[in-house]
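Working through the structure, step by step
Spelled out from the first residue to the last, the chains are:
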Amino acid sequence: MKWGVALNVRDEVSETLRKAEVADRGAIDQIWVTDFPTVRYAPAIAAAIAERTQKCRIGVGLISPLLYSSTQISQFMSTLIDTYGDRFDLLIGPGDRSALARVGVSHSIKQMVEYTTSALDTIKSDLSKAGYECSVLLGAQGPVMIKKSLKADGVLLNFSDIEMLHWALNQMGKIPTDFGLGVFPPTYIGNCQDIMDNQSIALSAAMVALGLNSKVSETFGFRDKIDTARSLLKGKKRIDVDIANSIGRDVLKRFALCMANDQLQEYLKVIEGMGISSIVFGPPQGIREKGVELLVKAKQQT
Amino acid sequence: MISSYKVSVGITTHMRVSATNWIAQNADALGAGSIWIGEDIALGQESFVLTARTLLQSHQVRVGTGIIPVSVHNISTLARTGVTLNEIGQGRFTFGLGIGGIQDLEKQGIHIKKPVTELRKSVNTLRMLWAGETIDTSSEMFSLRGFSLEKDNPIRVPIFLGVRGPQMLKLAGNMADGVILSGPFDYLQYAIRAVDEAAKEAGRNKRDVEKVVWVPTIPTFKGIKEKVARRVVALVIADTPDAVLDMLTIDRERVDRIRKTVSSSSPKEGAKFVDDKLLDVFSISGTKEHMVDRFEDVIGIGATEVVLGPPFSGDWRQALVEIFHEVESRRETT
């Protein structure tokens, strides 16, 4: 199982670099540099991380093709590889719809999916024609994107629940042998026992849950709870504890990993058995340096 | 006597990684004031990654974009990139912005009705976001609703404008920290005066607006053949608007023939009509002594910084070393 950690969430560049060095020294396989709606521009941070680390791979994304042109995305990936070598992978996906709307990018969900999949084809083709060794992954959660991900080099699924992962794999049908299956949920590993006791992970899980396709939430029986939370969000504009509480512990747990090391080892065994070969520990794990250290410790115990 | 001025190096996204790396790694030792990074839209290296790397590989030199068209990026991306590069460079980053070349924009299907208004709005919006404000605004090119950078500490990123026409020059004098100018000597003289007057009208000191002059510099004394210089000048002439050409005392018939030939055939063919006078009007080329003389002419009309390169050809590394040495030796003499 390959371990990755998501950085560049809210930090100043110097803090992200410090954490990247901790992760690199601690043999974390890949650092993922998140992009919008976080403040800092991921490709530039990826360059800085490449200057300061030795062994880890560096993932850029999630990058939204609704915010950047396919040409610019191909161009920053090729520039990174030309400068620092074959250390980079790309994760694309439509991105957070409400955050995009705040910066003037408003499309229907259908358009967002179409735009993203078309960009996927263009970027993959541009990079491969130019001979770049760079995996282009798709971030997916709903059935359409999950199916479309087969056109990518791999998928990172945005939830953690075993039943939901089984469902996602069923949606994909026959999966090519060289296809990269991974998960990228909100996480806090180390000293997290109850998701409702850790506000950061509860809010991160709520954010993912609120972005879930209605059909999927219907399938798993939590559509009512998510619809209620969405109504609350319309009034409040930002996700807070009340919204997380309205979704409730049982639902939030399905989107996030909040557990001790030994539970994590068990979880990894199960998903490895399902053919999943990588996990990216999403926020809030990488928000504090302590979180990255806890992750390194967990990796050393595997 | 010539006042102290900066000599800088200009690079473009279309250059090789090995060349841009060398410049980033050697700029401090050369004594360069800045490295300016020109964007060849959609060609070569990605501007912001190249800028980040240039900042990471240098220690003292100012690094600026020269210029990024605000019209081809989401304004939120520009604001976020400003924060990122400012932190990477620990205050050495300068954001050079412009509206973008009309022909380049048209190729991308972008039509802007009021470019001066749009550029002004973009600059104001970026400054408000960097100051920590939450913005609700819209324009021809962008729309922000309740958007902020969610930063605790306000930052100040210098903004330089790459501009040409009279209204844009006025805008730069009114509000920019600096201006990046390009064109023949007579035009530069006019442009610097226009920027200074606009600064004064806005209640600013003309020294508040730095004037960076970036014209083709072609050191023919180190292996760049003169025919390369003439080819570059033919291209520049073809791209120069009539309004600028009208300001110059030049052989207009010859210029029109060059423009026609470049358009119908190639810059190489057009180069055959570029004589020594035109070479001198549209570029700074020749020996290092002659080039530094020309820098001093430009500083004499009010510029505060001149930019060397591109094109980089022949033994350009050694040419840069010798030109910077020539500038330094004259400083020591005065």
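Refer to the structure presented above.
On a predicted model such as this, the values are computed, not experimentally measured, just so you know.

Details of the packing of helix α1 (residues 13-25) of chain A against helix α2 (residues 42-52) of chain A
All names here are of chain A.
- Taken N-terminus to C-terminus, the directions of α1 and α2 make an angle of 45°; their axes are 10 Å apart at the nearest point. If you check the angle between α1 and α2, you find them oblique. At the point where α1 passes α2, the crossing takes the right-handed sense. Counting all contacts with α1, which are made through Val13, Thr16, Leu17, Ala20 and Glu21, the residues of α2 involved are Ile45, Ala48, Ile49 and Arg52.
- Split by residue class, the contact of α1 with α2 holds 6 nonpolar, 1 polar and 2 charged.

A look at the nonpolar core
- Core analysis: the biggest nonpolar cluster contains 191 residues, and Leu90 and Phe255 of chain A together with Trp130, Leu161 and Phe295 of chain B have the highest contact counts within it.
- Among the elements that take part in this core, α2 of chain A stands out by supplying 8 residues, more than any other.
- In terms of nonpolar packing, the next biggest core, distinct from the first, is built from 18 residues, Val233, Ala234, Leu248 and Val274 of chain B among them.

Thoughts on the sheet that holds strand β7 (residues 180-183) of chain A
Residue and element names in this part refer to chain A.
- Pairing within the closed barrel is parallel, and its 8 strands lie in the order β1-β2-β3-β4-β5-β6-β7-β10. On average, each strand axis in the sheet is inclined to that of its neighbour by 25°, with strand direction left out of account.
- Along the sheet, α1 makes contact with β1 (2-7) and β2 (30-33), crossing β1 at roughly 170°.
- On top of the sheet, helix α5 (residues 109-129) reaches β4 (88-92) and β5 (136-140); it is set at about 165° to β5, its chief contact.

A closer look at the interface of chain A and chain B
- With 30 residues of chain A at the interface, the matching set in chain B holds 32 residues.
- For the chain A and chain B pair, buried surface summed over both sides reaches about 2,500 Å², with 57% attributable to carbon and sulfur atoms.
- At the surface where chain A touches chain B, the tally comes to 3 salt bridges.
- Its salt-bridge partner being arginine 40 of chain A, residue glutamate 87 of chain B comes within 2.8 Å of it at the nearest N-O pair.
- Along the contact surface separating chain A from chain B lie 18 residue pairs in polar contact (both at pLDDT 80 or more).
- For the side of chain A that touches chain B, the secondary-structure elements that each account for two or more residues are α2 and α3 (70-84) of chain A.
- Examining the composition of the side of chain A that touches chain B, we find that 9 residues originate from one element, α3 of chain A, more than from any other.
- A breakdown of the residues in the side of chain A that touches chain B according to their chemical character gives 16 nonpolar, 7 polar and 7 charged.

A closer look at the packing of aromatic side chains
- The tally for this structure, following the rule as stated, stands at 16 aromatic pairs over all chains.
- Pairing tyrosine 41 of chain A with phenylalanine 76 of chain A gives two aromatic rings, centres 6.4 Å apart and planes at 85°, and the pair type is edge-to-face. Highlighted residues: tyrosine 41 of chain A in the loop between β2 and α2 and phenylalanine 76 of chain A in helix α3, separated in sequence by 35 residues. Each member of the pair, tyrosine 41 of chain A together with phenylalanine 76 of chain A, is buried.
- Cation over ring: arginine 331 of chain B sits above tyrosine 5 of chain B, and NZ or CZ is 5.1 Å from the ring centre.

Re the environment of cysteine 56 of chain A
All names here are of chain A.
- Here cysteine 56 shows up in the loop between α2 and β3 (57-63).
- Distance in space between the C-alpha atoms of cysteine 56 and alanine 46 is 12 Å, their sequence separation being 10 residues.
- Every residue in contact with cysteine 56, bar those within four places of it in the chain, is listed here: Asp24, Ile28, Asp29, Ile31 and Arg87.

Notes on unusual backbone geometry
- The omega torsion across proline 283 of chain A and proline 284 of chain A is 15°, close enough to zero to call that bond cis.
- Position of proline 284 of chain A among the secondary structure elements: in the loop between β10 (278-281) and α14 (289-300).
- Isoleucine 67 of chain B follows glycine 66 of chain B through a cis peptide bond whose omega is 5°.
- With respect to the helices and strands, the residue isoleucine 67 of chain B is situated in the loop between β3 (62-65) and β4 (68-69).
- Positive phi, close to 65°, is recorded for alanine 27 of chain A, a residue that is not glycine.
- Counting through the fold element by element, alanine 27 of chain A comes out in the loop between α1 and β2.

About the criteria used
- Residues numbered from 1 in each chain as written.
- Chains lettered and ligands numbered in written order.
- Predicted model: local features only at pLDDT ≥ 70, side-chain atom pairs only at ≥ 80, totals over all residues.
- Heavy atoms only, no water.
- Axes fitted to C-alpha atoms, helices over the stretch in contact; angles between N-to-C directions.
- Helix = DSSP H or I, 4+ residues; strand = E, 2+ residues; numbered from the N terminus.
- Parallel < 35°, antiparallel > 145°, perpendicular 65-115°, else oblique.
- Left-handed = near helix turned anticlockwise from the far one by under 90°.
- Contact = heavy atoms within 4.5 Å.
- Nonpolar A, V, L, I, M, F, W, Y, C, P; charged D, E, K, R; others polar.
- Core = buried A, V, L, I, M, F, W, Y, C linked by side-chain atoms within 4.5 Å.
- Buried < 20%, exposed > 50% of the residue type's maximum accessible area, 1.4 Å probe, protein only.
- Pairing = 2+ DSSP bridges.
- Buried area = accessible area lost by both parts, 1.4 Å probe.
- Salt bridge = Lys/Arg side-chain N within 4 Å of Asp/Glu carboxyl O.
- Polar contact = N/O pair within 3.5 Å; in protein donor to acceptor, adjacent residues only side chain to side chain.
- Phe/Tyr/Trp six-rings, centres within 6.5 Å; stacked < 30°, edge-to-face > 60°.
- Lys NZ or Arg CZ within 6 Å of the ring centre and 35° of its normal.

Such coordinate-based values are descriptive only and should not be taken to indicate function.
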